[in-house]
Amino acid sequence: MKLRRLTALLLVLLLAASACSETTTASEGENTAAEPAEEVAAEETTPEEDADTRNSIPDDLPERDLDGYKFRMLTRDRSDFVKDIGLELEQTGEVVDDAIISRNLTVSERFNVEFAANYFVNGQAMPLNSVMSGDDEFDLMLGQIIEVTKNATKGYYLDWYEQLPYVNLEKPWYIGNAAEALSVNNHAYIMIGEFDLDVLRFTYGMFYNKDMSNEYSLENIYDVVQEGRWTYDYLHGLSEMIYMDINGDGVKDEGDILAISGDPYSAVVTYQYAFNNPLVGLDADGLPSLIFNREKAYDIVTRLNALYHETQGGYTSGWGTGSTAWSSGNLLVYTGLFQSAMSYRELEFDFGIIPYPKFDDVQDRYYTMSDGAHGGMMVPVTVPNAENVSIIVEALNAETYKQVVPAYYETSLKTKAARDEESSAMFDLLMESRVFDFGYMYNDALGGLAFTIQEMVSQNSTNTESAYAAKIKGAEKKFAKVVEDYLALDTANP
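The text that follows walks through the structure, step by step, so that each part is easy to find. The model shown is predicted, which means the values in this text are computed figures rather than measured ones. (Residues numbered from 1 in each chain as written. Predicted model: local features only at pLDDT ≥ 70, side-chain atom pairs only at ≥ 80, totals over all residues. Heavy atoms only, no water.)

1. As for the sheet that holds strand 3 (residues 140–144)
We count it as follows: A strand pair is defined by DSSP finding two or more bridges across the two strands. Per the convention used, a helix needs a DSSP run of H or I reaching at least four residues, while a strand needs a run of E reaching at least two, with both numbered from the N terminus. Here, axes are lines fitted to C-alpha atoms. For helices the fit covers the stretch in contact, and angles between N-to-C directions go from 0 to 180 degrees.
As summarised here, the arrangement of the four strands in space is 2-1-3-11, forming an open sheet in which the pairing is mixed. For this open sheet the edge positions go to strand 2 (113–121) and strand 11 (375–378), each flanked by a neighbour on one side alone. Across the sheet, the axes of successive neighbouring strands diverge by a mean angle of 20°, strand direction being ignored. Of the pairings in the sheet, the one linking strand 3 to strand 11 comprises four bridges and is antiparallel in character.

Structure follows, in structure tokens:
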């Protein structure tokens, strides 16, 4: 790796010159509908301090004996989703498993309930026969968010605002802007909460090779992030200068040293939110409205094609792109899911985690999203006692927030997976940066509009206007129908 060191000084000088010469301005019509908290440096806390803060938040639930009621859940039959429910787990000293067991025991003993779970094949539609026939089979249903929204307006589920009296959507266990993003006129029939641990696990971020960064004498990227300088231009500058054909085949591939890589699909869709261009926001009447900026979308696609297809150090080709280069220690920045940190603990090189970059230095903060594979929660209209069910649903989300998230996030990720305290602060920043978009979660109703960006980048095409024009009229019509159906359902369930 001597060649890396020989080029390091020149690289730093070129990067600094590039950063000084680039000027960026906010795009016209900048969308600000889904704003998390104001950007500040992530405050470091110990796991004990974080747990104490979480435990101090009351759930405001009554003490109630439910006389051994069997609370029945339905979720996907895949090992991670089954483990999140945790009914088959045994205490082994593994902190996350033990926290899940403790959560279940806490709620069970407090309210005198039992838990039971059924599972449906992952990747298939959630079975709704029992609800459609009026049978009381489940109390809580969990399914993939971009799939379950297809049935949100069919009258199968209770309203989280009006029909679940002990649910408080202002509590922190209903994540970020999720309640707002799923609402129409202050009604929602699907919800996102901490009990769905996959929302945490499927959060997108960027991993970077700290050893490689040091070999190139790059400045501390954590400092760049904390100072708000981690932008597209900064990443593009790295990708213009870091590349080496180390396998000597004359073709850029994962056998080379690369600057940025990842799949051109969901990992690319995340840039749309990182660059603050959501599809939908709420208008003054609390109704979802298309706020998507198509000019900015064109700019985003153009930039990403330049990053991945035109710079010497950018590379993408399909699912799994970047995995080989990353595991070999030859990739500087790799897009991926929050949960991936757990599988990187055995890597020989030191790594860190950072958010996706900002669109430009005018954008006020960092944003990210959770992959569409994460879940949503529904309470079927067939439950025998919505009040009691709402107590258990609230308790499960609250205790997950208080017990399981600190165990998973602070202990498993920060202590075991994160390699330094700064990485721990970056984990915090990622969680605080998550945003949810009605248009992404209801992508089917928008004719696939949310995934147009991945179609363009995977094809290295900038023909975005034709792509969006082909979808927008049909999308607007379908979208209006979704809102109309919501309002009709709201009227039927005042």
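2. Notes on helix 16 (residues 421–432)
Rule in force here: Take the residue count of a helix, subtract one, and multiply by 1.5 Å to get its expected span. Three labels apply to residues, based on accessible area from a 1.4 Å probe with only protein chains included: buried if under 20% of the type maximum, exposed if over 50%, partly exposed otherwise in between. Contact criterion: two residues are considered in contact whenever any of their non-hydrogen atoms come within 4.5 Å of each other.
The end-to-end C-alpha distance of helix 16, which contains 12 residues, comes to 17 Å, matching closely the 16 Å that a straight helix rising 1.5 Å per residue would cover. Counting buried residues along helix 16, nine of its 12 residues qualify, which places the element largely inside the surrounding structure. Taken as a whole, helix 16 has its buried residues at Ser423, Ser424, Ala425, Met426, Phe427, Asp428, Leu429, Leu430 and Met431. Looking at the buried side of helix 16, the elements it contacts are helix 8 (198–201), strand 4 (204–209), helix 10 (221–226), strand 10 (351–354) and helix 15 (386–417).

3. Some details on the sheet that holds strand 9 (residues 331–337)
Picture the strands of a sheet paired through backbone hydrogen bonds; they go either parallel or antiparallel. Across the sheet, five strands lie side by side as 8-5-9-4-10; this open sheet has mixed pairing. One side of each edge strand has no neighbouring strand; the edge strands of this open sheet are strand 8 (314–315) and strand 10. By the bridge criterion, four bridges tie strand 4 to strand 10 in an arrangement that is antiparallel. Opposite Tyr208, over in strand 10, you have Gly352 as the bridge partner.

4. Here's the deal with the pattern of salt bridges
Quick reminder of the rule: Whenever a carboxyl oxygen of Asp or Glu lies within 4 Å of a side-chain nitrogen of Lys or Arg, that contact is scored as a salt bridge.
Taken as a whole, this structure holds 18 salt bridges when the rule is applied. Among the salt bridges present, the one from Lys83 reaches Asp97, with a minimum N-O distance of 3.0 Å. Of this pair, Lys83 sits in helix 3 (residues 79–85) while Asp97 sits in helix 4 (residues 95–111); the two residues are 14 residues apart in sequence, bridging distant segments of the chain. Under the relative-accessibility criterion, Asp97 is labelled buried at 11%.

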